[in-house]
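# Overview (structure and organization)
Spelled out, the chains give:
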Amino acid sequence: MISAIAARPFCSRPCCLRALPCAKPAFFRRAIDLGCGTGLAAIAFTANVDEFIGIDLSPRMIERARATGLYAQLEVAEMVEGMRGKPDAGADLILAADSMIYLPDLAPLLCEAKRVLVAGGLLAFTVETHRGEGVILGEGLRYAHGAGYVRALVEACGLALSRCEDLSARHEDNAPVPGLVVVATRT
C-alpha cells in the first residue's frame, strides 16, 4: 500500500516520493502527470508542484482533470506519444500513478522519461506485479510487470533506481492488488 510509505518517517512529500529521505519538502517547477485521469495525482502533489501537464487517452478524463483547475496544460494522447511531444529536459517530475498497467512494454516510456527529465529529475510510478519474470496480461486486461523486469528496464533506459518496493496502489474485490512503487532519477 502506498499508505505504508506515507507512514515512514521520511518527509512530507506526497505519494511515491515519501519513499525518499529528505531534509526539506520537495518542490518541482514542472510535473507531467501521465494517465492523469480525474486529476487525483495533481491534487495530492499540488503543494509541491508549480505547473502540471496532464496527459490522458480519454477526452472525458481530460475534462474532469480540467475541472480541478490544477493543470497548466492538458493533452489527449497515449502516454508515449504525449511524452514524445515534450522538450528535452522539460520536467522535474514525471508521475504515472496506476496508468502503466495498460502498457505491456515499459521501455519506450521509460526512455522518453529520461529524455524529458532534467538532470536530477524524478520519475515516480506504480505497476501491478506478479511473482514471475517479464510481463503478463491479467484477467482484468491490465498488465502485471515482474519486479526484475522493471528494475532491468529502468537501468537499461539510463535511469538510476532509487526505490522499487512491493506496495499495492489499489484494492480490487476488497483485496490489495500486488504492485510496485518505483522511483527513479535521471542522473
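Notes on the structure follow. (Residues numbered from 1 in each chain as written. Predicted model: local features only at pLDDT ≥ 70, side-chain atom pairs only at ≥ 80, totals over all residues. Heavy atoms only, no water.)

### Regarding the pattern of salt bridges
- One pass over the structure, following the stated rule, counts eleven salt bridges.
- With a closest N to O distance of 2.9 Å, Arg-163 and Glu-165 form a salt bridge. Both residues of the pair, Arg-163 and Glu-165, count as buried.
- Connected through shared salt-bridge partners, Asp-98, Glu-128, Arg-142, Arg-170 and Glu-172 make up one network. (Salt bridge = Lys/Arg side-chain N within 4 Å of Asp/Glu carboxyl O. Buried < 20%, exposed > 50% of the residue type's maximum accessible area, 1.4 Å probe, protein only.)

### Some remarks on unusual backbone geometry
- Positive phi values are uncommon outside glycine, yet Ala-89 reaches one of about 50°.
- Inspection of the secondary structure assignment puts Ala-89 in the loop between α4 (79-84) and β4 (91-96).
- By relative accessible area, which is 38% here, Ala-89 ends up partly exposed.
- Even without being glycine, Asn-174 reaches a positive phi, approximately 60°.
- Here Asn-174 is to be found in the loop between β9 (171-172) and β10 (175-176).
- Overall, Asn-174 belongs to the exposed group, its relative accessible area being 80%. (Helix = DSSP H or I, 4+ residues; strand = E, 2+ residues; numbered from the N terminus.)

### Thoughts on the side chain of His-130
- Among the secondary structure elements, His-130 is positioned in the loop between β5 (117-128) and β6 (135-137).
- Within the structure, the side chain of His-130 is placed 3.0 Å from the backbone nitrogen of Gly-132, a separation counted as a polar contact.
- Looking at His-130, its side chain comes within polar contact range of the main-chain nitrogen of Gly-146, at 3.4 Å.
- Setting aside residues no more than four positions away along its own chain, His-130 makes contact with Val-135, Ile-136, Ala-144, His-145 and Gly-146. (Polar contact = N/O pair within 3.5 Å; in protein donor to acceptor, adjacent residues only side chain to side chain. Contact = heavy atoms within 4.5 Å.)

### Section: the nonpolar core
- Formed by 34 residues in total, the largest nonpolar core has its most connected members in Ile-32, Leu-34, Ile-94, Leu-106, Leu-110, Phe-125 and Val-150.
- Among the nonpolar cores identified, the runner-up in size contains 18 residues, and Ala-26, Ala-31, Ala-42 and Leu-74 belong to it. (Core = buried A, V, L, I, M, F, W, Y, C linked by side-chain atoms within 4.5 Å.)

### Regarding helix α6 (residues 147-156)
- Every buried residue of α6 is listed here: Ala-147, Tyr-149, Val-150, Leu-153 and Val-154. Along α6, the residues classed as buried sweep out an arc of 160° about the axis, all on the same side. Exposed residues pointing more than 90 degrees away from the buried face of α6 are listed as Glu-155 and Ala-156.
- Against α5 (107-116), β5, β6, β7 (143-145), β8 (159-166) and β11 (179-186) lie the buried residues of α6.
- Downstream of α6 by one or two residues, Gly-158 has phi in the positive range, about 85°. (Arc of directions from axis to C-beta.)

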